[in-house]
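# A closer look at the structure
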Amino acid sequence: EPEVTQTPSHQVTQMGQEVILRCVPISNHLYFYWYRQILGQKVEFLVSFYNNEISEKSEIFDDQFSVERPDGSNFTLKIRSTKLEDSAMYFCASSSSQGQNTEAFFGQGTRLTVV
Amino acid sequence: LAKTTQPISMDSYEGQEVNITCSHNNIATNDYITWYQQFPSQGPRFIIQGYKTKVTNEVASLFIPADRKSSTLSLPRVSLSDTAVYYCLVGEYGNKLVFGAGTILRVKS
């Protein structure tokens, strides 16, 4: 079964450092997403990406965040200067189309710990 | 946007059927009802989706009454591995999924 792959599984970084979280979406999918989940809280939408541009972003996704699809397979989330409150699980997802009839496939997540 | 209400948690025993009900009183005509499952430290996983009446797949059944103001996810004969958080999502939110708090299902032996 095709799956979304995320690396690393766990990243520890110092406050103020830049981190890049990597994702390989399912190969024939066109829509890509990042979500995060702070420990014990809801899964929150960060950003959606289609046709090499951001299609929607949440209030959480401020200037410290950026996304990129540097080649035909990877999809990355960069946090420019990490804060303690950025500690969370970050999930990448992809889908073949959009709309409520579309199934989104999520990766296993990257646990980001900012110290 | 349709607001959803689910129980915070449920307990069950292995082998039992579990029914999780979600209320969505202001569901719109075009809204579908979708359920996702999330195991600890993993990403959410699509389980089932429906519009009306009953939908069944290899994992679960989804019952939707005629007024569509609620829906029930039914998991037959649960096992310990079904311990997870179950999310009911209703409607379309543009380019994103909007998750609530979900229902924590604990299956005991």
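Everything quoted here is computed from the prediction, not taken from an experiment.

With that settled, consider the pattern of salt bridges. Evaluated as defined, the whole model comprises 4 salt bridges over all chains. Here Glu56 of chain A and Lys96 of chain B are joined by a salt bridge, their closest N and O atoms 2.5 Å apart. Here Lys96 of chain B lies in the loop between β8 (84-90) and β9 (103-108) and Glu56 of chain A lies in strand β6 (residues 53-57), a pairing that spans two chains. Under the relative-accessibility criterion, Lys96 of chain B is labelled partly exposed at 24%. The salt bridge involving Arg106 of chain B is made with Asp11 of chain B; its shortest N-O contact spans 3.3 Å. One end of the pair, Arg106 of chain B, is in strand β9; the other, Asp11 of chain B, is in strand β1 (residues 9-13), with 95 residues separating them in the sequence. Exposure remark for Arg106 of chain B: the relative accessible area of 37% places this residue in the partly exposed category. Taking relative accessible area as the criterion, Asp11 of chain B reaches 46% and is therefore assigned partly exposed. Several salt bridges share partner residues, and in doing so they unite Asp11, Arg106 and Lys108 of chain B into one network.

Before going further, it helps to spend a moment on the interface of chain B and chain A. Listed per partner, the contact involves 23 residues of chain B and 22 residues of chain A. Of the roughly 1800 Å² buried at the junction of chain B and chain A (both faces included), carbon and sulfur atoms supply 45%. Ranking the residues of chain B by area buried against chain A places Asn95, Lys96 and Phe99 of chain B at the top, with a combined share of 30%. There are 1 salt bridge connecting chain B and chain A. Our enumeration of links across chain B and chain A arrives at 6 residue pairs in polar contact (both at pLDDT 80 or more). Looking at the side of chain B that touches chain A, the elements that each hand over two or more residues are β3 (33-38) and β4 (45-50) of chain B. No other element matches β3 of chain B, which puts 3 residues into the side of chain B that touches chain A. Partitioning the side of chain B that touches chain A into residue classes produces 9 nonpolar, 11 polar and 3 charged.

The rules behind these values
- Residues numbered from 1 in each chain as written.
- Chains lettered and ligands numbered in written order.
- Predicted model: local features only at pLDDT ≥ 70, side-chain atom pairs only at ≥ 80, totals over all residues.
- Heavy atoms only, no water.
- Salt bridge = Lys/Arg side-chain N within 4 Å of Asp/Glu carboxyl O.
- Helix = DSSP H or I, 4+ residues; strand = E, 2+ residues; numbered from the N terminus.
- Buried < 20%, exposed > 50% of the residue type's maximum accessible area, 1.4 Å probe, protein only.
- Contact = heavy atoms within 4.5 Å.
- Buried area = accessible area lost by both parts, 1.4 Å probe.
- Polar contact = N/O pair within 3.5 Å; in protein donor to acceptor, adjacent residues only side chain to side chain.
- Nonpolar A, V, L, I, M, F, W, Y, C, P; charged D, E, K, R; others polar.

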